[in-house]
Amino acid sequence: MSAQTAPPTAMALLSRVPLFSSLDAGHLRTVVRSGKERDYPSGGEIVKVGDRGIGFYLVLTGGVEVRRESEVLARLGPGEFFGEMALFDDQPRTADVVAVRPTRCLVLSPWEFWSTVGKDPVVLRALLRETVRRLRGPHGSLSE
Ligand code: CMP
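Parameters at a glance
- Residues numbered from 1 in each chain as written.
- Predicted model: local features only at pLDDT ≥ 70, side-chain atom pairs only at ≥ 80, totals over all residues.
- Heavy atoms only, no water.
- Near = heavy atom within 4 Å.
- Polar contact = N/O pair within 3.5 Å; in protein donor to acceptor, adjacent residues only side chain to side chain.
- Areas by Shrake-Rupley, 256 points an atom, 1.4 Å probe, with all protein chains shown as cover.
- Salt bridge = Lys/Arg side-chain N within 4 Å of Asp/Glu carboxyl O.
- Helix = DSSP H or I, 4+ residues; strand = E, 2+ residues; numbered from the N terminus.
- Buried < 20%, exposed > 50% of the residue type's maximum accessible area, 1.4 Å probe, protein only.
- Contact = heavy atoms within 4.5 Å.

A. Representation of the site of the ligand within the structure. Lining the immediate surroundings of the ligand are 15 residues, of which G83, E84, A86, R93 and T94 lie closest. One of the side-chain nitrogen or oxygen atoms of R93 is found 2.6 Å away from an oxygen atom of the ligand. Here an oxygen atom of the ligand sits 2.7 Å away from a polar atom, N or O, in the side chain of T94. The protein chains hide 95% of the 460 Å² of surface that the ligand would expose on its own.

Encoded structure:
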């Protein structure tokens with residue numbers, strides 16, 4: 001009989017996410033309980049450019065690609081997030097996000113986001129820093 005390792009729980013995964021390092025265990029538990037875990041097959045479209053997006057996604061396992069037209073803007077793996085832009089400005093999604101292997105995400109609705117992690121100034125600052133980096137693009141300056 002082969003010993004099987006149990007998959008890490010969302011709580012164990014989240015406790016290793018740098019974005020959430022300022023949150024204590026109680027706060028993290030609230031995040032896990034308020035979000036919903038969603039599974040996507042390889043090739044599954046999670047977010048579509050132009051859609052009115054609701055939801056902030058944290059990759060728990062697997063991996064995704066952020067794409068615009070035929071360009072791959074980023075590859076994101078466990079502990080990384082997407083969907084923050086539409087959440088911040090309530091505008092359509094800026095890119096497609098596609099699972100490139102079987103992927104599990106924790107999804108927070110705007111209300112769940114703003115009533116949990118969105119209340120923490122350290123998390124918000126880390127989110128904002130990453131969002132600005134994404135908007136600056138690969139050369140570190142706004143290109144358009
Ligand atoms: P949103 O616009 O809500 O939906 C698409 C998401 O793709 C976007 O939020 C970001 O989370 C992510 N995204 C857009 N552009 C980039 C980029 N250049 N690098 C990494 N992620 C991006």
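B. Expanded view of the pattern of salt bridges. Following the criterion strictly, the structure yields eight salt bridges and no others. Between R104 and D39 there is a salt bridge; the shortest N-O distance is 2.8 Å. Of this pair, R104 sits in strand β8 (residues 103-108) while D39 sits in strand β1 (residues 36-40), and the two are 65 residues apart along the sequence. A relative accessible area of 53% means that D39 is categorised as exposed. Close ionic contact of R67 with E65 constitutes a salt bridge, the shortest N to O distance being 3.0 Å. Residues joined by salt bridges that share partners form a network here, namely E84, E130, R133 and R134.

C. Spatial organisation of unusual backbone geometry. If you check the backbone angles, E69 has positive phi at about 50° while not being a glycine. Relative to the assigned elements, E69 resides in the loop between β4 (64-68) and β5 (71-76). Relative accessible area serves as the criterion here: at 77%, E69 is assigned to the exposed category. A positive phi angle, close to 60°, is found at D90, a residue other than glycine. Secondary-structure assignment places D90 in the loop between α3 (84-89) and β7 (96-99).

D. Here's a closer look at the environment of L23. With respect to the helices and strands, the residue L23 is situated in the loop between α1 (10-14) and α2 (25-34). Along the primary structure L23 and V117 are separated by 94 residues, whereas in three dimensions their C-alpha atoms are 8.3 Å apart. Setting aside residues no more than four positions away along its own chain, L23 makes contact with L28, V31, V117, D120 and V123.

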